[in-house]
Amino acid sequence: MEPAPEQTPFRATVLTLYPEMFPGSLGLALAGKALAAGAWTLDAIHIRDFATDRHRSVDDTPAGGGAGMVLRADVLARAIDAASSDGDTRPRLLMSPRGRPLTQARVRDLAAGPGAVIICGRFEGIDQRVIDARGLEEVSIGDYILSGGEVAAQVLLDAVIRLLPGVMGNEVSGTHESFEDGLLEHPHYTRPQEWEGRTIPDVLTSGNHAKIDAWRRAEAERLTRERRPDLLGAAKGHPSGCVSV
Ligand code: SAH
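Read on for an overview of the structure. (Residues numbered from 1 in each chain as written. Predicted model: local features only at pLDDT ≥ 70, side-chain atom pairs only at ≥ 80, totals over all residues. Heavy atoms only, no water.)

Right, let's get into the site of the ligand. Neighbouring residues of the ligand: 19 residues in total, closest M95, G121, E124, G142 and Y144. For the ligand, a nitrogen atom lies 2.9 Å from a polar atom in the backbone of G142. Contact between the ligand and L146: a nitrogen atom at 3.0 Å from a main-chain N or O atom of the residue. Starting from 560 Å² of accessible surface for the ligand in isolation, the protein chains cover 84%. Counting atoms within 2 Å of the grid points, the majority share of the ligand lands in the largest pocket. Looking at the shell around the ligand, the elements with two or more residues in it are β5 (92-101), β7 (137-140) and α5 (149-161). When residues in the shell around the ligand are grouped by element, the largest group, three residues, is from β5. When its residues are assigned to classes, the shell around the ligand shows nine nonpolar, eight polar and two charged. (Near = heavy atom within 4 Å. Polar contact = N/O pair within 3.5 Å; in protein donor to acceptor, adjacent residues only side chain to side chain. Areas by Shrake-Rupley, 256 points an atom, 1.4 Å probe, with all protein chains shown as cover. 1 Å grid on protein atoms, 1.4 Å probe; cavity = no way out; pocket = protein on both sides within 12 Å on 5 of 7 lines; lining within 4 Å. Sits in = over half its atoms within 2 Å of the grid points. Helix = DSSP H or I, 4+ residues; strand = E, 2+ residues; numbered from the N terminus. Nonpolar A, V, L, I, M, F, W, Y, C, P; charged D, E, K, R; others polar.)

Another aspect to go through is the pattern of salt bridges. Applying the stated rule across the entire model yields 14 salt bridges. Residue R56 is joined to D49 by a salt bridge in which the shortest nitrogen-to-oxygen separation is 3.0 Å. R56 sits in the partly exposed class, given a relative accessible area of 37%. Between E221 and R217 there is a salt bridge whose closest N-O contact spans 2.6 Å. On the criterion of helical spacing, the pair formed by E221 and R217 is a turn pair, its members being four residues apart in helix α6 (residues 209-227). (Salt bridge = Lys/Arg side-chain N within 4 Å of Asp/Glu carboxyl O. Buried < 20%, exposed > 50% of the residue type's maximum accessible area, 1.4 Å probe, protein only.)

Let us now look at the pairing of strand β2 (residues 40-46). Relative to β2, strand β1 (residues 10-16) is paired through seven bridges, and the arrangement is parallel. Residue pairing across strands places R11 opposite T41, the latter belonging to β2. (Pairing = 2+ DSSP bridges.)

Attention shifts here to the layout of surface pockets. The computed volume of the largest pocket comes to approximately 490 Å³. Residue lining of the largest pocket: 26 residues in total, with M95, S96, P97, E124 and G125 positioned closest to the centre. Secondary structure elements with two or more residues in the lining of the largest pocket: β5, α4 (128-133), β7 and α5. The greatest single-element share of the lining of the largest pocket, amounting to five residues, is contributed by β5. Class assignment for the residues of the lining of the largest pocket results in twelve nonpolar, nine polar and five charged. (Points joined across faces, edges and corners; volume = space filled by probe spheres on them.)

Here we take up the sheet that holds strand β6 (residues 115-120). If you trace the five strands from one edge of the open sheet to the other, you get β2-β1-β6-β5-β7, paired in parallel fashion. Unpaired on one side and paired on the other, β2 and β7 mark the two borders of the sheet. Between one strand axis and the next, the sheet turns through 35° on average, direction left out of account. In terms of strand pairing, β5 meets β6 through four bridges, oriented parallel. (Axes fitted to C-alpha atoms, helices over the stretch in contact; angles between N-to-C directions.)

Just distances and angles here, no functional claims.
Structure below.
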């Protein structure tokens, strides 16, 4: 789990009202080990540090009326400007249910880049003017509403970090998974050979790798057809020799 020496680590900067939520789940297991090994870096910036009034307020009532509060453009813009200077080429992502749904393809793009500045919303959302003025790319993790962007940011980062060079033990296991080739993954089995009267499909213990590949491909297609027919149009050829662990 060591990054190649010439590799600059993926740099994540998270802007949040709850910096103590980080690294959170990202401090453990694969992401946590990668963080400790220097494959990525994390900076959690407290948006409230950029409030200027006596009460350090970060939100205000919505223009036009209505329920809830809105994160102020001026406060958030100061935080963004402090987090990413002019030469910073990292994308600025705003976690938002209105955003483009996150896909494995976008995760791969991000993992190949220098890092990301990630803004976590709270309340009803953030003032539109800062989205426009700072060119924020809205990213959704699904069609449901969370109470804040922090968990969404961790979802995004978790997906990215496991793809960083040197992070995943078995590189092969990253390339044949669900979505990577437009199909859901085939089922997995491991020992014992028989459990509660259920056995491992014979083909998997046959030692015939061509047959195993064909079976896995057929199962992947069956599952995708049953569960996610919307993916099938996009499915590319499944490389043979697909190894799973
Ligand atoms: N009123 C907003 C929801 C605000 S939820 C609306 O209807 O669109 C508060 C914050 O949680 C958001 O600003 C966003 O940062 C985060 N959030 C909620 N759901 C999310 C999702 N599905 N994907 C990404 N971020 C989400």
